[in-house]
Amino acid sequence: NAGVTQTPKFQVLKTGQSMTLQCAQDMNHNSMYWYRQDPGMGLRLIYYSASEGTTDKGEVPNGYNVSRLNKREFSLRLESAAPSQTSVYFCASSVILGEKLFFGSGTQLSVL
Amino acid sequence: GQQLNQSPQSMFIQEGEDVSMNCTSSSIFNTWLWYKQDPGEGPVLLIALYKAGELTSNGRLTAQFGITRKDSFLNISASIPSDVGIYFCAGQLLGNDMRFGAGTRLTVKP
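Every chain is numbered on its own, with residues counted from 1 as its sequence reads. Starting at A for chains and at 1 for ligands, labels are handed out in the order in which the entities are written. Local features are withheld for residues below a pLDDT of 70 in this predicted model, meaning they are given only at 70 or higher, and side-chain atom pairs are given and counted only at 80 or more; totals for whole chains, interfaces and linings count all residues. In computing side-chain values, all of the structure's heavy atoms are included and hydrogens and water are not.

**Student:** Sorry if this is basic, but what is going on with the pattern of salt bridges here?
**Tutor:** Opposite charge on two side chains permits pairing when their charged atoms draw close. All names here are of chain A. Within this document, salt bridges are pairs made up of a side-chain nitrogen of Lys or Arg and a carboxyl oxygen of Asp or Glu, the two lying within 4 Å of each other. Under the criterion given, the structure shown has 6 salt bridges over all chains. The salt bridge partner of arginine 36 is aspartate 38, with a shortest N-O separation of 2.9 Å. Considered together, arginine 36 and aspartate 38 belong to a single accessibility category, that of buried residues. Through salt bridges with shared partners, a single network forms among Arg36, Asp38 and Arg44. Each residue is placed in one exposure class: buried if its accessible area under a 1.4 Å probe, protein chains only, is under 20% of its type's maximum, exposed if it is over 50%, and partly exposed if it falls in between.

Below, the structure is given as structure tokens:
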């Protein structure tokens, strides 16, 4: 049972570089999410996709873009990485929007 | 947006002790959830609460949905070393995204 799979697990970028974080779920869930986790701030929602073909901004969308490639996959792109984007990123999915979340194991990103 | 205040920020307890943590909000929620995060992993759902006043248990864990719908607490009885981790509360309104507290970091000393 893979659940929610994120790649890569770790990444180091230089300021200004771009990269895409990949996420896939095999639970046939309709909704998918990207969160970032920073010390003392809990999890903050970056973007979400209520269903295939739709994406919406969350609490902290600036500096990010997303693509819901199909029902299984939801990617997060940093076009020009900044040190403020150093964080742990989690992908999550749920049966429908607002239902309980299932999380991936996270991507630790450092921007130097 | 909705802000969740989770306390305490951290706890250091002896194995066998009971633990209590809580979450409050200035807004009401329809659902309260409690997640646990182990080091290097994503959060995992422990308990979900759907009704004001609801009290739900999951093994040694007990959680309650406050009557005002603005708060929730989580109790862990007879703590063991594997209870170590970060516990997050989360609140949600119907159809809206979920908001998380900042977490309670639990350390259990054998």
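**Student:** Could you clarify how one ought to interpret the environment of Leu13(A) in this entry?
**Tutor:** Residues and elements named next belong to chain A. Each helix corresponds to a stretch of at least 4 residues labelled H or I by DSSP, and each strand to a stretch of at least 2 residues labelled E; elements are numbered beginning at the N terminus. Tracing the backbone through its elements, the reader meets leucine 13 in strand S2 (residues 10-13). The exposure class assigned to leucine 13 is buried, which follows from its relative accessible area of 5%. Contacts were defined at the residue level, with two residues in contact if any of their heavy atoms lie within 4.5 Å. If we ignore the near neighbours within four places in the chain, the residues touching leucine 13 are Ser18, Met19, Ala81, Leu109, Ser110, Val111 and Leu112.

**Student:** Could you clarify how one ought to interpret the sheet that holds strand S6 (residues 55-58) of chain B in this entry?
**Tutor:** All names here are of chain B. Any two strands with at least two DSSP bridges between them are considered paired. Reading across the sheet, the 5 strands line up as S1-S3-S8-S7-S6 and stay open at both edges, with antiparallel pairing between neighbours. Two strands lie at the open edges of the sheet, namely strand S1 (4-7) and S6, each paired on one side alone. Each neighbouring strand pair of the sheet contributes to a mean axis angle of 15°, computed without reference to strand direction. Sheet topology note: the S6/strand S7 (residues 61-65) ladder contains 4 bridges and is antiparallel. Its bridge partner being in S7, leucine 55 is matched across the sheet by glutamine 64. Think of each axis as a best-fit line through the C-alpha atoms, taken over the contacting stretch in the case of a helix, with angles from 0 to 180 degrees between the N-to-C directions.

**Student:** Please clarify how the packing of aromatic side chains should be interpreted in this entry.
**Tutor:** In this description, a pair of aromatic rings is defined by centroid distance and the angle of the planes. What counts as a ring pair is set by centres within 6.5 Å for rings of Phe, Tyr and Trp (its six-membered ring), and what kind of pair is set by the plane angle: stacked under 30 degrees, edge-to-face over 60, tilted for all other angles. Scanning all chains against the criterion turns up 11 aromatic pairs over all chains. Taking 5.7 Å as the distance between ring centres and 90° as the angle between the ring planes, the aromatic pair formed by Phe103(A) and Tyr35(B) counts as edge-to-face. Of the two residues, Phe103(A) is situated in strand S10 (residues 102-103) and Tyr35(B) in strand S4 (residues 31-37); the pairing between them involves two chains. For Phe103(A), a relative accessible area of 12% corresponds to the buried category.

**Student:** I would appreciate a short explanation of the side chain of Ser75(A) in the present structure.
**Tutor:** Relative to the elements of secondary structure, Ser75(A) occurs in strand S8 (residues 74-78). Apart from residues no more than four positions distant in its own chain, Ser75(A) is found in contact with Thr20(A), Leu21(A), Gln22(A), Trp34(A), Asn65(A), Val66(A), Ser67(A) and Leu69(A).

**Student:** Please clarify how unusual backbone geometry should be interpreted in this entry.
**Tutor:** Residues apart from glycine generally show negative phi values, whereas peptide bonds are mostly found in trans. The peptide bond linking Thr7(A) to Pro8(A) adopts the cis configuration, its omega dihedral lying at -5°. Note that Pro8(A) resides in the loop between strand S1 (4-7) and S2. A cis amide bond links Ser7(B) with the next residue in sequence, Pro8(B), at an omega value of -5°. On the secondary structure map, Pro8(B) appears in the loop between S1 and strand S2 (10-14). Positioned with a positive phi, Asn28(A) is a non-glycine residue whose angle comes to about 60°. Structurally, Asn28(A) is set in the loop between strand S3 (19-25) and strand S4 (31-38). Take Asn28(A): its relative accessible area is 57%, and that puts it in the exposed class. Positive phi is not limited to glycine here, since Arg69(B) has a value of about 70°. Relative to the elements of secondary structure, Arg69(B) occurs in the loop between S7 and strand S8 (71-76).

**Student:** Please explain the interface of chain A and chain B as it appears in this structure.
**Tutor:** It is common to give the size of an interface as the accessible area that goes away when the parts come together. Listed as interface residues are 18 residues of chain A and, on the opposing side, 19 residues of chain B. Buried surface at the junction of chain A and chain B, both sides included, amounts to about 1,500 Å², of which 57% is carbon and sulfur. On the chain A side of the contact with chain B, Leu43(A), Lys100(A) and Phe103(A) bury the most area, a combined 28% of that side's loss. In this assembly, chain A and chain B are joined by 1 salt bridge. For Glu59(A), the salt bridge identified is with Arg99(B), shortest N-O distance 3.7 Å. Polar contacts here mean pairs of N or O atoms no more than 3.5 Å apart (in protein, one a potential hydrogen donor and the other a potential acceptor; neighbouring residues in sequence count only if both atoms are side-chain atoms). The interface formed by chain A and chain B contains 3 residue pairs in polar contact (both at pLDDT 80 or more). When contributions to the side of chain A that touches chain B are tallied by element, the ones reaching two or more residues are S4 and strand S5 (42-49) of chain A. For the side of chain A that touches chain B, the element with the most residues is S5(A), which contributes 3 residues. Once two parts are put together, the accessible area they lose, assessed with a 1.4 Å probe and summed over both, is termed the buried area.

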